[in-house]
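In case you want the letters, here they are:
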Amino acid sequence: SHPGRSNGFESYLFYYHEKKVSLAIVMNQNFISDIRLLMRFTEGLASYFLPVNESVKKKMQYIPYLPLIEQMREPLLKSKIHDAISVYREFRSNPLSKDDNTEDAINTIGYELINQKQYAMALEIFKINAEDNPGSTNAHDSLGEIYMIMGNKEESIRWYTKAIELDSKNLNAKEKLKQLTDGK
């Protein structure tokens with residue numbers, strides 16, 4: 001299975017190689033707070049389309065870990081940023097997930113927090129994203145944005161400049177940097 005999320009949309013792709021069957025589930029908001037519920041739903045749907053033998057059942061029941069966003073959501077809803085960061089660090093040290101690319105998930109969490117006006121928590125999330133993705137223009141661009149939202153012009157300029165150093169074609173960072181420096 002492979003989860004994905006972008007701007008309030010969630011998708012889950014399940015591929016059963018032996019039968020050459022794929023199931024894609026796309027939602028316009030987070031209705032599935034428990035991935036296990038989604039897996040049971042998928043198992044039922046898959047059994048309609050293909051004979052479910054023991055091998056297929058085992059694969060559909062195997063859940064190595066919840067997606068990072070799902071693991072971090074509960075502590076964030078309780079405004080426990082340090083608990084959420086601990087979940088993130090555990091996820092990154094877990095042998096099953098340590099090599100996962102978490103940059104987009106962490107960035108999504110940061111923007112969800114901005115939309116909820118939880119700026120201090122968003123700042124901490126963007127900081128760990130930039131720290132763990134030092135070569136990412138997007139992670140540094142997001143850090144520049146949260147500092148700009150929070151009114152810290154100096155730090156915002158610093159991180160937008162870093163984003164441009166990493167990718168000179170980052171038009172958003174260039175535009176924001178121009179806005180910030182034109183007012184000097």
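Residues numbered from 1 in each chain as written. Predicted model: local features only at pLDDT ≥ 70, side-chain atom pairs only at ≥ 80, totals over all residues. Heavy atoms only, no water.

**What about the packing of aromatic side chains?**
Within a pair of aromatic rings, the relevant descriptors are the distance that separates the centres and the angle that separates the planes. On inspection of all chains with the given rule, the structure shows one aromatic pair. Seen in terms of ring centroids, Tyr-111 and Phe-126 are 5.1 Å apart; in terms of plane orientation they differ by 65°. Their pairing is edge-to-face. Of this pair, Tyr-111 sits in helix 5 (residues 103-115) while Phe-126 sits in helix 6 (residues 119-132), and the two are 15 residues apart along the sequence. Accessibility expressed as a relative area gives 24% for Tyr-111, which makes it partly exposed. On the basis of relative accessible area, Phe-126 is assigned to the buried category, the value being 0%. (Phe/Tyr/Trp six-rings, centres within 6.5 Å; stacked < 30°, edge-to-face > 60°. Helix = DSSP H or I, 4+ residues; strand = E, 2+ residues; numbered from the N terminus. Buried < 20%, exposed > 50% of the residue type's maximum accessible area, 1.4 Å probe, protein only.)

**Comments concerning the pattern of salt bridges**
Going through the model one piece at a time under the given rule, you end up with eight salt bridges. The partner of Asp-132 in a salt bridge is Arg-89, with the nearest N and O atoms 3.0 Å apart. Residue Asp-132 is located in helix 6, and its partner Arg-89 is located in helix 4 (residues 81-93); the two are separated by 43 residues in the primary sequence. Judged by its relative accessible area of 26%, Asp-132 falls in the partly exposed class. Among the charged side chains, a salt-bridge network with shared partners connects Glu-70, Arg-73 and Glu-112. (Salt bridge = Lys/Arg side-chain N within 4 Å of Asp/Glu carboxyl O.)

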